[in-house]
Amino acid sequence: MNIKNIRELFPILNQQVNGHPLVYLDSAATSQKPVSVIEAISQYYREYNSNVHRGVHTLGTKATDGYEAAREKVRRFIGAASTEEIIFTRGTTTSLNFVAYSYGRARLEEGDEIVINAMEHHANLIPWQQVAKATGATLKYIPLQPNGTFNLDDVKKTITERTKIVAMAHVSNVLGTINPIKEVADIAHRHGAVLVVDGAQSAPHLAVNVQELGADFFALSGHKMLGPTGIGVLYGKKALLEEMEPVETGGEMIDYVDYYDSTWKELPWKFEAGTPVIAGAIGLGAAIDFLNEVGLDNIHAHEEELANYALDVLSEIEGLEIYGPKERAGLVTFNIDGVHPHDVATVLDTEGIAIRAGHHCAQPLMKWLGVNATARASFYLYNTKEDIDALAAGLKKTKEYFGHVFE
Amino acid sequence: MSLNNLDQLYRQVIMDHYKNPRNRGELDQDNKLVVNMNNPTCGDRIQLQLQVEDGKITDAKFTGEGCSISQSSASMMTDAIKGLSVNDALHMSEIFSDMVQGKDYDEDELDLGDVEALQGVCKFPARIKCATLAWKAMEKALNEQKQ
């Protein structure tokens, strides 16, 4: 994997920010886009923009082909059995809300349990709070180990025969923990529960096979995996999706409409009401092509190397606390003693270094960590060890700067 | 952007208010105004307590968590608004909002005191909400009381 060549395919990286070369360490929030993705979207709008699944004309057919080809790319990318199981949505949040509404609210009743945990992103937490409130089901938390991982015994103890849904992130967006999805799926299935996996932070970085993982539902966002914003995917097992009612109704998703009743199209279109995000899906398809060309295993190995390097370099900085387990995905969340993460991010920004500061849409996890906010540097295939060196230098400067004003 | 710009943001007086916040704590009075305000994008929190008598702010205290800008702004604001009429305090909030957004404001109209040190925030658009958190809390408290 030649990072220099890869970086040249991302035009945004070649710029100065605040007088310094851009060091982009916020890919867990959103990834940058390669030229091929930008071109695919541009080409669609320049050459064959048209609505899908209805036009008899040539452009309409081309657009439909492009849109459906993207679906097949997603199917292969996550190892689903059929394109009937691949629903295009607006993103992970929408995907998880679809499951919460169409599966959770419809199936759960008082006495049932939903099992989650404190490391979930708000997108895989609040929808379940809402389902619990609406149905009278109980929300249960699997306890976390001090290093931010699960003990499988705790998973076994928390999931019972009353558990109907287990919802879990594949990779934590704050701690970088890679969760044992397959094992959790087995436990959930033994109790007759379904497993809903938030794959927003895994699909961009690890080779995912939803069937091997045992996920009943799997959600991902295009923009975190080199694709555009506004496009995401909900994978669901066909047998489950077939029994679910659509969340949105209207155009494109119907079979036959009468005055007082209507019937739905077959899967996956029954869940895709209205004109879909055609350019977004085509852009996501191009992003998947790019990721496949580089290879997910290569990307994962590269990020692992960067994460280990970052852990080494950052742990040498006195007063810097790192959160999460040693074995982790390509991100490092930390705090510098006495300096608020906002202030850290501002100082780094003046050096051209982009990191995330705040609660990372995981307020319960911040509570668990005993902090109000943290700083996070996250890596992707285009990042280098030099980026991490720049981060370390910036953090030392931050410490000096705030040490100085505190004198 | 250089350290110079950072120095414009993190002026000595700001860091002094961050390190030694004035008016941190709670008021004893029973009829005090209490308002909570969050910055939901970053988790900064403030609780502001105001004592208003005959249309005048007679005392102000705050508690909360956040970055140097949000906390020093609360410290400076509570100092600045004590003794002001409700209307002047609300007007000062408007002036402050203009100032941190880099808009023109009338420097001589009200005595901003230390608050003026936050002018450098206008060069850091991402931090404007940190600076205005306490002021939004004050506006909310006073407007609720007016009704």
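Residues numbered from 1 in each chain as written. Chains lettered and ligands numbered in written order. Predicted model: local features only at pLDDT ≥ 70, side-chain atom pairs only at ≥ 80, totals over all residues. Heavy atoms only, no water.

**Student:** Explain the UniProt feature "domain: Aminotransferase class V" (unreviewed entry) in chain A here, please?
**Tutor:** Under the UniProt annotation, "domain: Aminotransferase class V" (unreviewed entry) lies at residues 23–391 of chain A. Structurally, residues 23–391 of chain A comprises 40% helix and 18% strand, and the distance from its first C-alpha atom to its last is 8 Å. (UniProt positions renumbered as here; feature names shortened; annotations may be inferred. Helix = DSSP H or I, 4+ residues; strand = E, 2+ residues; numbered from the N terminus.)

**Student:** Any chance you could explain the sheet that holds strand E7 (residues 163–169) of chain A here in plain terms?
**Tutor:** Backbone hydrogen bonds hold the strands of a sheet together, and the pairing may be parallel or antiparallel. Residues and elements named next belong to chain A. The 7 strands are arranged E4-E10-E9-E8-E7-E5-E6 in an open sheet whose pairing can be described as mixed. Every interior strand has two partners, whereas the edge strands, strand E4 (86–89) and strand E6 (138–142), have only one. On average, each strand axis in the sheet is inclined to that of its neighbour by 20 degrees, with strand direction left out of account. Here strand E5 (residues 113–117) runs beside E7; their pairing, made up of 3 bridges, is parallel. By the bridge assignment for E7, Val115 is matched with Val166. Sheet strands in contact with helix H3 (residues 58–78) are E4, strand E9 (217–221) and strand E10 (232–236), and its direction is about 115 degrees off that of E4. Sheet contacts for helix H4 (residues 92–107): E4, E7, strand E8 (194–198), E9 and E10; angle to E9, the most-contacted strand, approximately 155 degrees. (Pairing = 2+ DSSP bridges. Axes fitted to C-alpha atoms, helices over the stretch in contact; angles between N-to-C directions. Contact = heavy atoms within 4.5 Å.)

**Student:** I'm lost on the sheet that holds strand E2 (residues 44–53) of chain B in this one. Help?
**Tutor:** Residue and element names in this part refer to chain B. Reading across from one edge, E1-E2-E3 is the order of the 3 strands in this open sheet, with antiparallel pairing throughout. Strands with a single pairing partner mark the edges of an open sheet, and in this sheet they are strand E1 (33–39) and strand E3 (56–65). Neighbour to neighbour, the strand axes of the sheet diverge by 20 degrees on average, direction disregarded. The sheet contact formed by E1 and E2 spans 7 bridges and is antiparallel. Counted as the bridge partner of Leu33 is Leu50 from E2. Strands in contact with helix H3 (residues 68–81) are E2 and E3; relative to E3, the strand with the most contacts, it is inclined by about 170 degrees.

**Student:** What should I look at first to understand the domain arrangement of chain A in this one?
**Tutor:** When the parts of a complex come together, some accessible area is lost, and that lost area is often taken as the interface size. All names here are of chain A. Segmentation of chain A into domains returns domain 1 (3–25 + 296–405) and domain 2 (38–293). Put simply, the middle of domain 1 and the middle of domain 2, counted by C-alpha atoms, are 29 Å apart. The interface is formed by 30 residues belonging to domain 1 together with 32 residues belonging to domain 2. Where domain 1 abuts domain 2, roughly 2400 Å² becomes buried across the two surfaces, and 70% of that area is made up of carbon and sulfur atoms. Along the contact surface separating domain 1 from domain 2 lie 0 salt bridges. For the interface between domain 1 and domain 2, the tally reads 10 residue pairs in polar contact (both at pLDDT 80 or more). Broken down by element, the residue count for the side of domain 1 that touches domain 2 peaks at 6 residues, all from helix H13 (residues 363–369). (Domains from an automatic or database assignment. Buried area = accessible area lost by both parts, 1.4 Å probe. Salt bridge = Lys/Arg side-chain N within 4 Å of Asp/Glu carboxyl O. Polar contact = N/O pair within 3.5 Å; in protein donor to acceptor, adjacent residues only side chain to side chain.)

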